[in-house]
Amino acid sequence: QVQLVESGGGLVQAGGSLRLSCAASGLTFSNYAMGWFRQAPGKEREFVARISVSGRNTYYADSVKGRFTISRDNAKNTVYVQMSSLKPEDTAVYYCATTNSAYTSMSANAYNYWGRGTQVTVSS
């Protein structure tokens with residue numbers, strides 16, 4: 001059974017940093033590109049970042065570009081997002097997800113497995 005488990009969320013002051021992890025099991029991790037999404041109360045789930053199977057290609061939402069860095073360790077079946085210069089508007093539940101899509105996609109519809117999410121709260 002495929003499982004994705006996010007961790008690393010918490011409360012942080014504006015301007016601070018957090019590193020989220022997503023540990024995958026039950027799949028051949030290196031066959032999937034990985035994405036991070038987030039959802040704030042009252043808002044739709046939005047794309048945050050994507051990383052290719054090899055880890056060589058990354059793509060970011062404009063809202064986080066330059067502040068967030070996605071990475072992966074295929075030996076550990078884990079994808080990460082390092083979040084810096086955090087803003088209150090970054091407050092959301094963050095989800096990781098897998099996709100076998102051959103193209104870079106910002107759409108949640110392209111992702112087939114999802115974690116339960118981890119809460120990130122940024123105080124002003």
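Structure: above.
Attention here is on the structure that accompanies the text.

### Observations regarding the environment of Gly66
Okay, so step 1: Residue placement: Gly66 occurs in the loop between strand E6 (58-60) and strand E7 (68-73).
Okay, so step 2: Judged by its relative accessible area of 78%, Gly66 is exposed.
Okay, so step 3: Sequence separation between Gly66 and Thr104 is 38 residues; the distance between their C-alpha atoms is 18 Å.

### A few points about the packing of aromatic side chains
For any pair of aromatic rings, geometry is given as the distance between the ring centres together with the angle between the planes.
Okay, so step 1: Summed over all chains, the structure comprises 6 aromatic pairs.
Okay, so step 2: An angle of 70 degrees between the planes, with centres 6.5 Å apart, marks the rings of Tyr32 and Tyr113 as edge-to-face. Of the two residues, Tyr32 sits in the loop between strand E3 (18-25) and strand E4 (33-39) while Tyr113 sits in strand E10 (residues 113-114), which places them 81 residues apart along the sequence.
Okay, so step 3: Summarising the aromatic geometry, the rings of Phe37 and Phe47 are spaced 5.6 Å apart at their centres and angled 80 degrees between planes, so their arrangement reads as edge-to-face. Of this pair, Phe37 sits in strand E4 while Phe47 sits in strand E5 (residues 46-51), and the two are 10 residues apart along the sequence.
Okay, so step 4: Classification of Phe37 as buried rests on a relative accessible area of 1%.
Okay, so step 5: When its relative accessible area of 6% is taken as the criterion, Phe47 is described as buried.
Okay, so step 6: Taken together, the ring pairs in this structure connect Phe37, Phe47, Tyr59, Tyr111 and Trp114 into an aromatic cluster.
Okay, so step 7: Sitting over the ring of Trp114, Arg45 keeps its end group 4.9 Å from the ring centre.

### Structural notes on the nonpolar core
Okay, so step 1: Core analysis: the largest hydrophobic core is formed by 34 residues, its most contacted members being Trp36, Phe68, Val79, Met83 and Tyr94.
Okay, so step 2: Contributing elements (two or more residues each) for this core: E3, E4, E5, E7, strand E8 (78-83), strand E9 (92-99) and strand E11 (118-123).
Okay, so step 3: Once you skip the residues sitting within four places of it in the chain, Met83 turns out to touch Gly16, Ser17, Leu18, Leu20, Arg67, Phe68, Tyr94 and Val120.

### Things to note about the pairing of E4
Okay, so step 1: Across the 7 residues of E4, 6 count as buried, placing the element largely inside the fold.
Okay, so step 2: In this structure, E4 lies alongside E5, joined through 5 bridges in antiparallel fashion. Bridging from a neighbouring strand, Met34 pairs with Ile51 of E5.
Okay, so step 3: What sits between the antiparallel neighbours E4 and E5 is a turn of 6 residues, in which Gly42 has the positive phi angle 80 degrees.

### Examining the environment of Leu4
Okay, so step 1: The residue Leu4 is located in strand E1 (residues 3-7) in this model.
Okay, so step 2: With 12 residues separating them along the chain, Leu4 and Gly16 place their C-alpha atoms 26 Å apart.

### Re the state of the cysteines
Okay, so step 1: The tally for this structure, following the rule as stated, stands at 1 disulfide.
Okay, so step 2: Put simply, Cys22 and Cys96 are joined by a disulfide, and their sulfur atoms are 1.8 Å apart. Between Cys22 and Cys96, the S-S dihedral sits near 50 degrees, and the bridge is therefore right-handed. Highlighted residues: Cys22 in strand E3 and Cys96 in strand E9, separated in sequence by 74 residues. This pair shows no difference in class: Cys22 is buried, exactly as Cys96 is.

What counts as what
- Residues numbered from 1 in each chain as written.
- Predicted model: local features only at pLDDT ≥ 70, side-chain atom pairs only at ≥ 80, totals over all residues.
- Heavy atoms only, no water.
- Helix = DSSP H or I, 4+ residues; strand = E, 2+ residues; numbered from the N terminus.
- Buried < 20%, exposed > 50% of the residue type's maximum accessible area, 1.4 Å probe, protein only.
- Phe/Tyr/Trp six-rings, centres within 6.5 Å; stacked < 30°, edge-to-face > 60°.
- Lys NZ or Arg CZ within 6 Å of the ring centre and 35° of its normal.
- Core = buried A, V, L, I, M, F, W, Y, C linked by side-chain atoms within 4.5 Å.
- Contact = heavy atoms within 4.5 Å.
- Pairing = 2+ DSSP bridges.
- Disulfide = S-S within 2.5 Å.

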